[in-house]
Amino acid sequence: MQQPIVHRVQMAVICIVCLVLMVMVTACAGVGSPSTGGTITIKGTIVSVNASQHSATLNVNGQQATVSGLTDQQVTALQTQVGKVYSLQVTGSGNSYTIVQNSTPVLSETETSGVNTTPSGGVTQPSTTFAPGSLNFMGTVRSVSASSLTVSMPNGSTLSMNITALTDRSHFGGGLPTSGQLIKVEATANADGSFTATKLDTTDASDVVNQNLVQYKGLSTSAVGADRVIHFKVGTRSYSFTIGATTDLSDVGGNAQAIQANQIVKVKVQFAGSTATVLKVERSNS
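Rules of the game
The residue numbers shown here count from 1 along each chain, following its written sequence. Reporting of local features is limited, given that this is a predicted model, to residues whose pLDDT is at least 70; pairs of side-chain atoms are given and counted only at 80 or more, and all residues count toward the totals for whole chains, interfaces and linings. Water and hydrogen atoms play no part in the side-chain values, which are based on all heavy atoms of the structure. Secondary structure elements follow DSSP: runs of H or I of four or more residues count as helices, runs of E of two or more count as strands, with numbering from the N terminus. Two strands make a pair as long as DSSP finds a minimum of two bridges between them. As used here, the term nonpolar core means buried Ala, Val, Leu, Ile, Met, Phe, Trp, Tyr and Cys residues forming a set that is joined through side-chain atoms within 4.5 Å. Think of it in three bands: residues with accessible area under 20% of the maximum for their type are buried, residues over 50% are exposed, and the middle band is partly exposed, with areas taken using a 1.4 Å probe on protein chains only. In what follows, residue pairs with any heavy atoms lying within 4.5 Å of each other are defined as contacts. What counts as a salt bridge is simple: a side-chain nitrogen of Lys or Arg found within 4 Å of a carboxyl oxygen of Asp or Glu.

Visitor: Before we go on, may I ask you to explain unusual backbone geometry in this structure?
Guide: What you tend to see is this: most non-glycine residues have negative phi, and most peptide bonds are trans. Unusually for a residue other than glycine, Arg-228 sits at a positive phi of about 60°. With a phi close to 60°, Asn-262 is a non-glycine residue in the positive phi region. Its place among the elements puts Asn-262 in the loop between strand S16 (237-242) and strand S17 (264-272).

Structure, rendered in structure tokens:
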């Protein structure tokens, strides 16, 4: 009588062990495998942010991937982080992903070193490695005082600048623009990460065609590779943009990969919201 009972107990134990193993295998299959809908981490450079779609496009190992499902706060924060390297926890596969609910995009450690970050969506600025440069653009004055000015940029971010006795304000009679006024700005980068307004100018109807343009002048930080992404710095800010098929490259012989590291470059970019199109890239000796 005892043998059948022992046999049944052994069979029950075997069944329980098999069930536990099945649960463990199923759980493991759902982690780190995008093909099964599990959670993975992708790392790439922020290329653009689409506020209306609550999504961001990243350059991941030379391929563009779109991450949707961003919160309003994440959209606002990432709009000022184009060109920065971020890691995101996502689900999905191929080039289309969804951010994991309640997770947070994380600035890459290589970008974080020596960096002050502002989670409210402000600009992230490294405290070291300065590259001389400047920005030229049109924007609306958000705030102004005798010593500083904040102007909106075509990509939706804002730029704060110092005003000094050397700032050319001749088109304002030596005075200042008013809040809400559309103006033209030339700003030079400073070693401490700030910018100084070199020239402030008024606008007229003929300037409308240039309202979404930014002219960057900075130092290339790496050679342009097969992914056709140009990386450069203006002051302490890093930027990355993809050079398109229609980009004017006449100054570099029509070859994007002729752009090497540590070259002074001028990059003209047109923005449609947070989407950037590179119109022209030049090398500069001045």
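Visitor: What should I look at first to understand the pairing of strand S9 (residues 134-144) in this one?
Guide: Successive side chains on a regular strand alternate, one facing one side of the sheet and the next facing the other. Of the strand pairs in this sheet, S9 and strand S12 (residues 182-189) are connected by 7 bridges, and their pairing is antiparallel. Bridge pairing in S12 links Gly-139 to Ile-183. Note that S9 and strand S14 (residues 213-220) share 4 bridges and pair antiparallel. When the bridges of S14 are listed, Leu-135 appears paired with Tyr-216. Examined bridge by bridge, S9 and strand S10 (residues 148-152) share 3 bridges and lie antiparallel to one another. By the bridge assignment, Val-141 is partnered in S10 with Val-151. Between S9 and S10, which follow one another and run antiparallel, lie 3 residues.

Visitor: Any chance you could explain the pairing of strand S18 (residues 275-283) here in plain terms?
Guide: Taken together, the 8 bridges between S17 and S18 define a ladder with antiparallel strand orientation. The residue bridging Val-267 from the neighbouring strand is Val-281, located in S18. Connecting the antiparallel pair S17 and S18 is a turn made up of 2 residues, with Gly-273 showing a positive phi of about 70°.

Visitor: It is not clear to me how the nonpolar core should be interpreted in this structure. Could you clarify?
Guide: Here is a general trend for soluble globular proteins: nonpolar side chains tend to be buried in one another's company. In terms of nonpolar packing, the biggest core is built from 55 residues, with Leu-135, Met-161, Tyr-216, Ile-230, Phe-232, Phe-241 and Val-267 touching the most fellow members. Setting aside residues no more than four positions away along its own chain, Leu-135 makes contact with Met-153, Leu-159, Val-185, Glu-186, Ala-187, Phe-195, Gln-215, Tyr-216, Val-234 and Tyr-239.

Visitor: Hey, could you run me through the pattern of salt bridges in this one?
Guide: A side chain with one charge can pair with a side chain of the opposite charge if their charged atoms come near. The final tally for this structure, using the stated rule, is 2 salt bridges. In this structure, Asp-201 engages Lys-184 in a salt bridge whose closest nitrogen and oxygen atoms are separated by 3.9 Å. Of this pair, Asp-201 sits in strand S13 (residues 195-201) while Lys-184 sits in strand S12, and the two are 17 residues apart along the sequence. Taking the relative accessible area as the measure of exposure, Lys-184 reaches 27% and is therefore partly exposed. Lys-184 is the partner of Asp-207 in a salt bridge, and the nearest nitrogen-oxygen pair spans 3.5 Å. Here Asp-207, found in the loop between S13 and S14, pairs with Lys-184, found in strand S12; they are 23 residues apart in sequence, far enough to count as distant.

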